[in-house]
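# Observations on chain architecture
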Amino acid sequence: MNPLRRLKAGWRQRPAGERYRLLAGSLVSLTMIAYLAMEQAPWRLADRVDEPTPIASPTAWTSAAERLGIREARVETAGADLRLDGWLETPEAFTAFADWAVRQGWWALEWSLIRQDERLMLEARFVRAAP
């Protein structure tokens, strides 16, 4: 006899109340296992940030912009935000700089790329990432 058929026959022989209890218990157990697996998952985001986001140094931002391909970079503080102006060697330079800014705890919230005199001009506003 096929093992699957044996299992089905054994399942059908059990009283209906017992089958429902076994099914409900199995579902509760699977739900709890899934919950515990998600709680221990390595990709889970942190609940809070222990260290405050450091205050940005315009000098550090200017040197990082130059290093990552943004020429004639000007960084200004505008309240709690930062503004960056300059021109790009390639459009990918802004992506690289935005990735660098994220690692520093800042998000590029608004930006514009404008072609002007065969140059790609950049204007961007960065805000602190909320802890």
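For every chain, the first residue of the written sequence is number 1, and numbering continues from 1 onward in sequence order. Predicted model: local features are reported for residues with pLDDT of at least 70 only, side-chain atom pairs are reported and counted for 80 or more only, and whole-chain, interface and lining totals are derived from all residues. With hydrogens and water stripped out, all remaining heavy atoms of the structure feed into the side-chain values.

### Quick notes on the sheet that holds strand β3 (residues 106-116)
- Pairing between strands requires that DSSP locate at least two bridges from one strand to the other. Helix and strand definitions here come from DSSP, where helices need a minimum of 4 consecutive H or I residues and strands a minimum of 2 consecutive E residues; each element is numbered from the N-terminal end. Spatial strand order, β1-β2-β4-β3: four strands in an open sheet with antiparallel pairing. Of all the strands in the sheet, the pair left with one neighbour each is β1 (70-78) and β3. Going across the sheet, the axis of each strand differs from the next one's by a mean of 15°, ignoring polarity.
- Across 10 bridges, the pairing between β3 and strand β4 (residues 119-128) is antiparallel. Bridge pairing links Glu110 to Arg125 in β4.
- Across the sheet, helix α3 (residues 58-67) touches β1, β2 (81-88), β3 and β4, and the angle it forms with β1 is around 155°.
- We call two residues contacting when some pair of their heavy atoms lies within 4.5 Å. In this analysis, axes come from line fits to C-alpha atoms, helices being fitted only over the stretch in contact, and the angle between any two N-to-C directions falls in the range 0 to 180 degrees. Along the sheet face, helix α4 (residues 92-104) touches β1, β2, β3 and β4 and points at about 165° away from the line of β3.

### Details of the pattern of salt bridges
- Whenever a carboxyl oxygen of Asp or Glu lies within 4 Å of a side-chain nitrogen of Lys or Arg, that contact is scored as a salt bridge. Tallying each qualifying case throughout the model produces seven salt bridges.
- Arg14 serves as the salt-bridge partner of Glu18, at 2.6 Å between the closest nitrogen and oxygen.
- Burial classes follow relative accessibility: with a 1.4 Å probe on protein chains only, a residue under 20% of its type's maximum area counts as buried, one over 50% as exposed, and anything between as partly exposed. Residue Glu18 is classed as partly exposed on the basis of its relative accessible area of 27%.
- When the shortest N-O distance is used, the salt bridge between Arg119 and Glu72 registers 3.1 Å. One end of the pair, Arg119, is in strand β4; the other, Glu72, is in strand β1, and 47 residues separate them in sequence.
- According to the relative accessible area criterion, Glu72 is partly exposed, its value standing at 48%.

### Things to note about the nonpolar core
- What we call a nonpolar core is a set of buried Ala, Val, Leu, Ile, Met, Phe, Trp, Tyr and Cys residues that are connected through their side-chain atoms within 4.5 Å. Trp61, Ile70, Leu84, Leu88, Phe97, Leu122 and Phe126 are the most contacted members of the largest nonpolar core, which has 19 residues in total.
- Those elements that place two or more of their residues in this core are α3, β1, β2, α4 and β4.
- Sorting elements by how many residues they give to this core places α4 first, with five residues.
- Here Ile70 is in contact with Ala65, Leu84, Gly86, Trp87, Leu88, Phe97 and Leu122, once residues within four sequence places are set aside.

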